[in-house]
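Working through the structure, step by step
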Amino acid sequence: MESENSTYFFSLDFNLAGQALPPVSPLLIVQSFTDLAWGIIVFDALVMNGDRHNHNIAHDATTNRVQIFDHSHAYLTPGGDIDQTLAARTANLALGAHCLAQEINTTIGLSPWIEKVKQIPDYFIEGLVEAGCGCGIPPDRKDLLVSFMKDRRDNLGSLFSANMANFPKVPTP
Amino acid sequence: MTKYWIAKYIEDPMRNEPRNIGIFVEHNGVRAARFVGEREDGTFDARKLGNKFTFPNVYTQWRTYWRREMFAGWDALASTKTANYFVELGGEVSDVGADTADEVCSFLFHLLIGGGAIDAYNWNIDEDGNVALATEITATLDHLQLLENERALFARHPVVKERPVAGHHVTHTPSFSQRNGRLYVFDHIDLNGTRPTKIKERAGLLGYMFSDIRAAEKDLQAYSLVRPSTENASDAIDYAKKVLGSESSVVNWLDENARGAFLEERRKVADAA
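First, a word on what this report is: a plain description of the structure on this page. Remember, predicted model here, so these are calculated numbers, not experimental data. (Residues numbered from 1 in each chain as written. Chains lettered and ligands numbered in written order. Predicted model: local features only at pLDDT ≥ 70, side-chain atom pairs only at ≥ 80, totals over all residues.)

Between chain B and chain A, the residue contacts involve 11 residues of the former and nine residues of the latter. A class-by-class count of the residues in the side of chain B that touches chain A yields five nonpolar, six polar and no charged. (Contact = placed C-beta atoms within 7 Å. Nonpolar A, V, L, I, M, F, W, Y, C, P; charged D, E, K, R; others polar.)

Laid out in structure tokens, this is it:
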């Protein structure tokens, strides 16, 4: 990142087990952590992360904790056109080939997460976009992005209802 | 065709010193694996890990992952790389006879991860001749003050015993080596052994060791110090001579002139700037 005309490099250590854990089995995650799997899916849909695979989910069998990391493809495409990106993602979940979406086989657990997302306060979204404007997002698009995220938050349930084809193993009603 | 893959572990990515920790084998369509911490029957005993891993719980999860995924395909295993754990193609094994995948796997595990060639070939059962030859070579080098020890103050580049040397695929421990810019590696073989198979196996191992080290260090100079057979030539001895002759200079340790020339060269290498 840039600060005061200097470039700084940093790395994030996701190895909460000490070293990198092996890739997870999405099927096992869905079977063992169904509720959390929906939580991850709903979160990724909210932030439009189309890059969730078995290498950026970690399951520590010792502590039985699941962690997700790597959201570099979420929200806006780096260097891409904001208007085009938002337009392309408005009506879909923007999950890509989400590894958990391919395995989840029930809707139980989905609604509570959507309700939780609805509880996200306006100031939180506004603060996040404001922070984003401090590291690359054009400030003149701030209001547009805030509005987009609030709308996505409020209508995420409808978005899921319209896009259940993203979950091939969920029985059709 | 029999192929094998090696699971590797790097304790500290900054030092980048991979260690072999597991073997996968595919032999006639049958897959087998063996990992550090497993008994011969495949059961896992965490006590066998000792202090090999800073985070043993992470290793046990990788072992579980590899055992689960090994039947899905090698490409997926080999493409899953992290800074600490990864899998590499080891190579192919020929002349496995009637051995099963499990037997080949066990052999490779002992050779590349366990106790080395002695374990893999069970040489500890019939090793007297080679031990005696090694003892004799050691005593000669020591007498000439060519061997590194606590009182060796004269040789600038002494011969060292059993120092690990990195090959292209694995790290070897030749009986003797010497380095003065160029690397010299020498090992011994007694061709008077009672088991022709053991002679062929040891010659094959030494040939592979020289070849693998040479693949990593192009200018390697390798020597096979041989105590020739007192009996008539046999297929095993012919085989051994051909294998060793193709990968190293063969020195007849009982030939006074050949031995003298070899030792004189060791002296020059040891004393050179």
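A few words now on the sheet that holds strand S4 (residues 85-93) of chain B. Residue and element names in this part refer to chain B. Pairing in this open sheet of four strands is antiparallel, and the strands run S3-S2-S1-S4 from one edge to the other. A single partner strand is all that each edge strand has here, and the edge strands are strand S3 (30-35) and S4. The average angle at which neighbouring strand axes cross in this sheet is 25°, direction not considered. Note: strand S1 (residues 2-10) against strand S2 (residues 18-27), nine bridges, orientation antiparallel. (Pairing = 2+ DSSP bridges. Helix = DSSP H or I, 4+ residues; strand = E, 2+ residues; numbered from the N terminus. Axes fitted to C-alpha atoms, helices over the stretch in contact; angles between N-to-C directions.)

Glancing now at the environment of Ile-199 of chain B. All names here are of chain B. Along the chain, Ile-199 falls in helix H6 (residues 196-216). The class for Ile-199 is buried, based on 24 C-beta atoms found within 10 Å. Considered as a pair, Ile-199 and Ala-236 are 37 residues apart in the sequence and their alpha carbons are 6.5 Å apart. If near-sequence neighbours (up to four positions away) are discounted, Ile-199 is found in contact with Leu-191, Gly-193, Ala-236, Ile-237 and Ala-240. (Buried ≥ 20, exposed ≤ 12 C-beta atoms within 10 Å, placed from the backbone.)

Residue and element names in this part refer to chain A. Direction vectors running N to C along helix H4 (residues 110-118) and helix H6 (residues 142-162) enclose 160°, while the axes themselves pass 7 Å from each other. Considered as vectors, H4 and H6 are oriented roughly antiparallel to each other. The crossing of H4 and H6 is right-handed. On H6, the residues that touch Leu-110, Ile-114, Val-117 and Lys-118 of H4 are Arg-153, Asp-154, Leu-156, Gly-157 and Phe-160. Class assignment for the residues of the contact of H4 with H6 results in five nonpolar, one polar and three charged. (Parallel < 35°, antiparallel > 145°, perpendicular 65-115°, else oblique. Left-handed = near helix turned anticlockwise from the far one by under 90°.)

Formed by 58 residues in total, the largest nonpolar core has its most connected members in Ala-37, Ile-41 and Leu-100 of chain A together with Ile-23, Val-25, Cys-105 and Leu-108 of chain B. In this structure, Leu-147, Leu-206, Leu-225 and Ala-240 of chain B belong to the second largest nonpolar core, which totals 32 residues. (Core = buried A, V, L, I, M, F, W, Y, C linked by C-beta atoms within 7 Å.)

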